[in-house]
Amino acid sequence: MPSISFIHPDHRVERVEAEIGDSAMRAALVNGVDGIVAECGGSALCATCHVYVDKQWISRLAAIGDDEDALLDGTACERQANSRLSCQIKITPVLDGLVLLLPERQV
Ligand code: FES
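Everything quoted here is computed from the prediction, not taken from an experiment. (Residues numbered from 1 in each chain as written. Predicted model: local features only at pLDDT ≥ 70, side-chain atom pairs only at ≥ 80, totals over all residues. Heavy atoms only, no water.)

K.L.:
Tell me about the overall build of the protein chain, and name the residues and values.
P.N.:
Tallying secondary structure elements over the protein chain gives two helices and five strands in all. Rg of the C-alpha trace for the protein chain: 12 Å, near the compact-globule value of 13 Å for 107 residues, within the 12% margin. Dimensions along the principal axes, computed over C-alpha positions, put the protein chain at roughly 30 × 30 × 25 Å. Buried residues in the protein chain amount to 44% of all 107 residues. Relative to all contacts within the protein chain whose residues are 6 or more apart in sequence, the contacts with residues 24 or more apart total 64%. When the accessible surface of the protein chain is summed, it comes to about 5600 Å², and 49% of that surface belongs to carbon and sulfur atoms. Looking at the protein chain, you have 9 positive and 16 negative side-chain charges, and the mean spots of the two groups are 3 Å apart. (Helix = DSSP H or I, 4+ residues; strand = E, 2+ residues; numbered from the N terminus. Rg over C-alpha atoms; globule rule 2.2 N^0.38 Å. Buried < 20%, exposed > 50% of the residue type's maximum accessible area, 1.4 Å probe, protein only. Contact = heavy atoms within 4.5 Å. Areas by Shrake-Rupley, 256 points an atom, 1.4 Å probe, with all protein chains shown as cover. Lys, Arg positive; Asp, Glu negative; His and termini not counted. Charge placed at Lys NZ, Arg CZ, Asp CG, Glu CD.)

Written out as structure tokens, the structure is:
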């Protein structure tokens, strides 16, 4: 299974295994990673699953969708060029080793 490393604002790293086809958000929740709220359960409605994608990985992700793009304007922490919603990051084999940085807060 691909692994994902979540890096907390205090630099703590949590490395989890993710199922192919799952979202990065779900991998975080299933493995008890705090820092992802995911109020809407992955329906692209809440923006509480915001992450900053490590710049080495951003080009390997699928293109950002219109709904995700709009929601990212309403994140609790400032949107940056590498901001994504983790519920919209579908895990594929090429994402093995993905690194996602967690924002200071989600709400
Ligand atoms: Fe709500 Fe991602 S879980 S937008």
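K.L.:
Kindly report on the sheet that holds strand β1 (residues 3–7), identifying the contributing residues and their values.
P.N.:
Ordered in space as β2-β1-β5-β3-β4, the five strands form an open sheet in which the pairing is mixed. If you trace the sheet from one side to the other, it starts and ends with β2 (13–17) and β4 (83–85), each paired once. Each adjacent strand pair in this sheet contributes to an overall mean axis angle of 35°, direction not counted. With five bridges joining them, β1 and β2 adopt antiparallel strand pairing. Counted as the bridge partner of S5 is R15 from β2. (Pairing = 2+ DSSP bridges. Axes fitted to C-alpha atoms, helices over the stretch in contact; angles between N-to-C directions.)

K.L.:
Mind laying out the side chain of S23, listing which residues take part and the relevant values?
P.N.:
Looking at where S23 falls in the secondary structure, it is placed in the loop between β2 and α1 (24–30). Accessibility expressed as a relative area gives 6% for S23, which makes it buried. Once residues within four sequence positions are removed from consideration, S23 is found in contact with S86, C87, I89, K90 and I91.

K.L.:
Mind laying out the pattern of salt bridges, listing which residues take part and the relevant values?
P.N.:
For the coordinates displayed, the defined rule picks out seven salt bridges. A salt bridge links R12 to D10, with the nearest nitrogen and oxygen atoms 3.6 Å apart. By relative accessible area, R12 is classed as partly exposed at 37%. A salt bridge links E14 to R12, with the shortest nitrogen-to-oxygen separation between them at 3.6 Å. One salt-bridge network, held together by shared partners, links D10, R12, E14 and D34. (Salt bridge = Lys/Arg side-chain N within 4 Å of Asp/Glu carboxyl O.)

K.L.:
Before we move on, could you go through the packing of aromatic side chains and cite the residues and values that matter?
P.N.:
The final tally for this structure, using the stated rule, is zero aromatic pairs. The side chain of R60 reaches across the aromatic face of W57, ending 4.1 Å from its centre. (Phe/Tyr/Trp six-rings, centres within 6.5 Å; stacked < 30°, edge-to-face > 60°. Lys NZ or Arg CZ within 6 Å of the ring centre and 35° of its normal.)

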